[in-house]
There are 2 protein chains.
Amino acid sequence: MSRHSLAQIGVDAEAKADNAGAEVEVQTGKPVAAGGHDHFVERNGLRYAGSHLIIDLWDAEYLDDMGVVELAMRRAIRAAGATLLHLHLHEFQPSGGVSGVAVLAESHISIHTWPERGYAAVDVFMCGDAEPHQVVPVLKQAFRAGRITICEQLRGVV
Amino acid sequence: MSRHSLAQIGVDAEAKADNAGAEVEVQTGKPVAAGGHDHFVERNGLRYAGSHLIIDLWDAEYLDDMGVVELAMRRAIRAAGATLLHLHLHEFQPSGGVSGVAVLAESHISIHTWPERGYAAVDVFMCGDAEPHQVVPVLKQAFRAGRITICEQLRGVV
């Protein structure tokens, strides 16, 4: 990841780690008492497992930059108030596309990028008190997305 | 994972590995030329990134059995003709719920289980020539699901 692109998403202070490897693996802990995974939520008169956002980014940049993808995911998780348990990133050649998945105490975030199309497919599934919608401005800023579409699905409605 | 539950999903021959640990990690390779990840598909007059299935399992069993979850994911991936790059499973306590994510050359599969509800939330995102619908009978059999709902979303329709 270049200093340039890090600066562009405003994360110079986090630029110390070398995130340019083709595989990034982060393991943060053993089995936890899940913050919100083990109970359905009750909100607006509904009882359900969690909220699943299907997010498409178009006219986006830095989609072949593993460092930007990783930082965007970490910032998105933080913004949502979620707890990261495991993060894995994979770089595809020759396109430079990146697939990333983050396992959370509250479920997961995934991202798959098509740099040659300026397109990224993200999904954010969060249970409990996490706020999945908070990831949207983070993604928009990180990838300078020109257009974003969001579809929300409540999972496991009783 | 018990021999009993393995037998129930018909995978005795695969029962050698000890999959009962709280964390399971499989890393299968470095950057690959993706089978289908780096190109949009054209099908039925549409051009798009891939098909995303949102699958809810109800009245399901073995949802607290990491071994069943892992084998179901591996069999689902094989049934779909997809290529596994990375698999991670996490067990939650005290519920016994399991979160699993598989990064594929064709995108990903995730599963999150709520054993106390008999409920599992699965999503299957696959690009290229993989056949995501093939995972449904595998999941139904593995978890003896009484009811399954499926929602399909085409991602990145141009």
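The model shown is predicted, which means the values in this text are computed figures rather than measured ones.

**Some points on the overall build of chain A**
Move 1: Within chain A, the regular secondary structure consists of three helices and nine strands.
Move 2: Order of helices (α) and strands (β) in chain A, N terminus to C terminus: α-β-β-β-β-α-β-β-β-β-α-β.
Move 3: Buried positions account for 59% of the 158 residues belonging to chain A.
Move 4: Within chain A, residue pairs in contact and separated by at least 24 positions form 67% of the contacts whose partners lie at least 6 positions apart.
Move 5: Of the accessible surface of chain A, which amounts to about 6200 Å², a share of 49% is contributed by carbon and sulfur atoms.

**Considering unusual backbone geometry**
Move 1: In this chain, Gln93 of chain A is followed by Pro94 of chain A through a cis amide linkage whose omega measures 10°.
Move 2: Within the element layout of this structure, Pro94 of chain A appears in the loop between strand S5 (84-91) and strand S6 (98-104).
Move 3: The phi angle at Ser107 of chain B is positive, at roughly 130°, despite the residue not being glycine.
Move 4: Along the chain, the position of Ser107 of chain B falls in strand S7 (residues 107-114).
Move 5: We note that Arg144 of chain B has phi near 45°; this positive angle belongs to a residue other than glycine.
Move 6: Along the chain, Arg144 of chain B turns up in the loop between helix H3 (135-142) and strand S9 (147-155).

**Considering the pairing of strand S5 (residues 84-91) of chain B**
Residues and elements named next belong to chain B.
Move 1: With respect to burial, S5 is a largely interior element, eight of its eight residues being buried.
Move 2: The pairing of S5 with strand S6 (residues 98-104) spans seven bridges and is antiparallel. The residue bridging Leu89 from the neighbouring strand is Gly100, located in S6.
Move 3: Here S5 hands over to S6 after six residues, with Gly96 in that stretch at a positive phi of 85°.

**Overview of the packing of helix H2 (residues 66-80) of chain A against helix H3 (residues 135-142) of chain A**
Residue and element names in this part refer to chain A.
Move 1: Taken N-terminus to C-terminus, the directions of H2 and H3 make an angle of 160°; their axes are 8 Å apart at the nearest point. The angle between H2 and H3 falls in the class roughly antiparallel. In the packing of H2 onto H3, the handedness of the crossing is right-handed. Contacts from Val68, Ala72, Arg75, Ala76, Ala79 and Ala80 in H2 reach Val135, Val138 and Ala142 in H3.
Move 2: A breakdown of the residues in the contact of H2 with H3 according to their chemical character gives eight nonpolar, no polar and one charged.

Thresholds applied
- Residues numbered from 1 in each chain as written.
- Chains lettered and ligands numbered in written order.
- Predicted model: local features only at pLDDT ≥ 70, side-chain atom pairs only at ≥ 80, totals over all residues.
- Heavy atoms only, no water.
- Helix = DSSP H or I, 4+ residues; strand = E, 2+ residues; numbered from the N terminus.
- Buried < 20%, exposed > 50% of the residue type's maximum accessible area, 1.4 Å probe, protein only.
- Contact = heavy atoms within 4.5 Å.
- Areas by Shrake-Rupley, 256 points an atom, 1.4 Å probe, with all protein chains shown as cover.
- Pairing = 2+ DSSP bridges.
- Axes fitted to C-alpha atoms, helices over the stretch in contact; angles between N-to-C directions.
- Parallel < 35°, antiparallel > 145°, perpendicular 65-115°, else oblique.
- Left-handed = near helix turned anticlockwise from the far one by under 90°.
- Nonpolar A, V, L, I, M, F, W, Y, C, P; charged D, E, K, R; others polar.

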